[in-house]
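# A closer look at the structure
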Amino acid sequence: GFVPGLFGTSHGALQFMAYEDLKERYNKYRNRVSDTKLNTLEYIMMAAVSKIFAVIATYPYQVVRARLQDQHNTYSGVFDVIHRTWR
């Protein structure tokens, strides 16, 4: 449904938030102005780490959503899916 779909948009938001925070912290660590341009390798590393963070944070939601969409099992709701998956 609609609510799980809205929750799914959090993946991109979390990735962008982590990317910006990592970039700012990295520039501060290197004693540079916070909006200093990064080189290609630095951009790739920031993007990869922020993507990993977003995937780890949102993957459990994707499992629950996929199980709710499964036509071969019947669940009474989100908490039932979580409980049965955990078990």
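Residues numbered from 1 in each chain as written. Predicted model: local features only at pLDDT ≥ 70, side-chain atom pairs only at ≥ 80, totals over all residues. Heavy atoms only, no water.

Judged by side-chain polarity, Leu68, Val78, Phe79 and Ile82 come together as a nonpolar surface patch covering roughly 400 Å² of accessible area. If you tally residues by element for the nonpolar patch, the top one is helix H4 (residues 78-86), at three residues. Take Val78: it is sitting in helix H4. (Patch = residues over 30% accessible without salt bridge, like charges linked within 9 Å, V, L, I, M, F, W, Y side chains within 5 Å. Areas by Shrake-Rupley, 256 points an atom, 1.4 Å probe, with all protein chains shown as cover. Salt bridge = Lys/Arg side-chain N within 4 Å of Asp/Glu carboxyl O. Helix = DSSP H or I, 4+ residues; strand = E, 2+ residues; numbered from the N terminus.)

The subject of this paragraph is the packing of helix H3 (residues 40-69) against H4. Between H3 and H4, the shortest axis-to-axis distance is 10 Å and the interhelical angle comes to 110°. When the axes of H3 and H4 are compared, the pair comes out roughly perpendicular. In this structure, H3 contributes Val63, Val64, Arg67 and Leu68 to the contact, and H4 contributes Val78, Val81, Ile82 and Thr85. Counted by class, the contact of H3 with H4 contains six nonpolar, one polar and one charged residues. (Axes fitted to C-alpha atoms, helices over the stretch in contact; angles between N-to-C directions. Parallel < 35°, antiparallel > 145°, perpendicular 65-115°, else oblique. Contact = heavy atoms within 4.5 Å. Nonpolar A, V, L, I, M, F, W, Y, C, P; charged D, E, K, R; others polar.)

Turning to the UniProt feature "repeat: Solcar" (unreviewed entry) in the protein chain, a few remarks are in order. UniProt's feature table lists "repeat: Solcar" (unreviewed entry) at residues 38-87, given in the numbering used throughout. Spanning residues 38-87, this segment combines 78% helix with 0% strand, and its end C-alpha atoms are found 45 Å apart. (UniProt positions renumbered as here; feature names shortened; annotations may be inferred.)

A packed helix pair is summarised by two numbers, namely the angle formed by the two axes and the spacing between the axes. Running from N to C, helix H2 (residues 10-29) and H3 point in directions that differ by 140°, and their axes come no closer than 8 Å. What the angle tells us is that H2 and H3 run oblique. Viewed along their axes, H2 and H3 form a crossing whose handedness is right-handed. Each of Ser10, His11, Leu14, Gln15, Met17, Ala18, Tyr19, Leu22, Lys23 and Tyr26 in H2 lies in contact with H3, whose residues at this interface are Glu42, Tyr43, Met46, Ala47, Val49, Ser50, Lys51, Phe53, Ala54, Val55, Ala57 and Thr58. (Left-handed = near helix turned anticlockwise from the far one by under 90°.)

All right, on to the UniProt feature "transmembrane region" (unreviewed entry) in the protein chain then. Here, the residues flagged by UniProt with the feature "transmembrane region" (unreviewed entry) are residues 43-61. Span residues 43-61 is 100% helix and 0% strand, its end C-alpha atoms 28 Å apart.

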